[in-house]
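Given next are the chains, with one letter for each unit.
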Amino acid sequence: MIERTLVLLKPDAVQRGLMGRILSRLEDVGFKVVGAKMVWMDEEFGKKHYFDVAERRGEKVLKVLLEFMTVGPVMAMCIEGVNVVENMRKIVGTTEPKSAQPGTIRGDFAHVSFAYADGQNMGIKNLIHASGNSEEAKFEIGLWFKPEELHSYKTVHELHLF
Ligand code: CDP
Ligand code: MG
């Protein structure tokens, strides 16, 4: 039941100075950061990470998404917790900020719609990526982190929350 997921604080979160506030929310629920690094990814790496986006959302979306994701560095984190893949998606909120519920990261820190971003020919700046399911999480953690970059340690949360 304890699993790991991949989180990226996207360039909009980094450049808006929201890394600390977003990470605080993840720490507040008791998730454990087991790996973290800042990476400025290139288009080639982006295509590996978002390998299925062209198929699911179209070539045009992949193009604007990669332009957005390579505009600056991201903070990549591997996060551990109970059912963390599903739990993290709940806290992150749905893809479109306009539809994301208040209380979610995407709902609280952004508001634009698919229609607006598509009309502007720009990527949806929704602050954070989180793996969509367990299979995606395993693939993405392997893509972003070497085994020696991931750590096992105890937090005080484990006394009370796990
Ligand atoms: O990130 P999430 O898993 O919620 O959604 P996705 O379908 O895997 O899409 C990946 C990313 O593509 C989204 O998080 C958006 O940043 C971006 N996207 C976009 O820029 N424009 C769209 N019309 C749809 C998605
Ligand atoms: Mg996704």
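Preceding this paragraph is the structure being described.
An account of the accompanying structure is given in this report. (Residues numbered from 1 in each chain as written. Chains lettered and ligands numbered in written order. Predicted model: local features only at pLDDT ≥ 70, side-chain atom pairs only at ≥ 80, totals over all residues. Heavy atoms only, no water.)

1. Focus on the side chain of Asp 12
Relative to the helices and strands, Asp 12 is located in helix H1 (residues 11-15). A distance of 3.0 Å separates a polar side-chain atom of Asp 12 from the backbone nitrogen of Leu 127. If we skip the residues at most four places from it in the chain, Asp 12 touches Phe 68, Lys 125, Asn 126 and Leu 127. (Helix = DSSP H or I, 4+ residues; strand = E, 2+ residues; numbered from the N terminus. Polar contact = N/O pair within 3.5 Å; in protein donor to acceptor, adjacent residues only side chain to side chain. Contact = heavy atoms within 4.5 Å.)

2. As for the pattern of salt bridges
Counted under the stated rule, the structure contains nine salt bridges. A salt bridge links Glu 43 to Lys 47, with the nearest nitrogen and oxygen atoms 3.3 Å apart. Note that Glu 43 and Lys 47 are positioned in helix H3 (residues 43-49) at a spacing of four residues, about one turn of the helix. The class for Glu 43 is partly exposed, based on a relative accessible area of 48%. What makes Lys 47 partly exposed here is its relative accessible area of 45%. Through salt bridges with shared partners, a single network forms among Arg 4, Lys 32, Glu 80, Lys 154 and Glu 158. (Salt bridge = Lys/Arg side-chain N within 4 Å of Asp/Glu carboxyl O. Buried < 20%, exposed > 50% of the residue type's maximum accessible area, 1.4 Å probe, protein only.)

3. Thoughts on the packing of aromatic side chains
Summed over the entire model, instances satisfying the criterion amount to two aromatic pairs. With a centroid separation of 4.7 Å and 90° between ring planes, the pair formed by Phe 45 and Trp 144 is classed as edge-to-face. Within this pair, whereas Phe 45 is found in helix H3, its partner Trp 144 is found in helix H9 (residues 134-144), the two being separated by 99 residues in sequence. Relative to Phe 139, the ring of Phe 51 lies with its centre 5.3 Å away and its plane at 75°, an arrangement referred to as edge-to-face. In this pair, Phe 51 sits in the loop between H3 and helix H4 (53-57) while Phe 139 sits in helix H9, placing the two residues 88 residues apart along the sequence. (Phe/Tyr/Trp six-rings, centres within 6.5 Å; stacked < 30°, edge-to-face > 60°.)

4. Concerning the site of ligand 1
Looking at ligand 1, there are 14 residues lining it, with Arg 56, Arg 57, Arg 89, Thr 95 and Ile 124 nearest. Side-chain polar atom of Thr 95 to an oxygen atom of ligand 1: 2.5 Å apart, as the coordinates give it. In this structure, Arg 106 approaches ligand 1 through a side-chain N or O atom, which is 3.0 Å from an oxygen atom. Isolated, ligand 1 exposes 520 Å² of accessible area, and the fraction of that covered by the protein chains is 95%. Counting residues per element, the ones that place at least two in the shell around ligand 1 are H4, helix H5 (59-69) and helix H8 (114-119). (Near = heavy atom within 4 Å. Areas by Shrake-Rupley, 256 points an atom, 1.4 Å probe, with all protein chains shown as cover.)

5. Digging into the pairing of strand E3 (residues 74-82)
E3 sits mainly inside the fold: seven of its nine residues count as buried. Bridge count between strand E1 (residues 2-9) and E3: eight bridges; the pairing is antiparallel. Bridge pairing links Ile 2 to Val 82 in E3. Relative to E3, strand E2 (residues 32-39) runs antiparallel, the two sharing seven bridges. Note that in E3 the partner of Val 33 across the bridge is Ile 79. (Pairing = 2+ DSSP bridges.)

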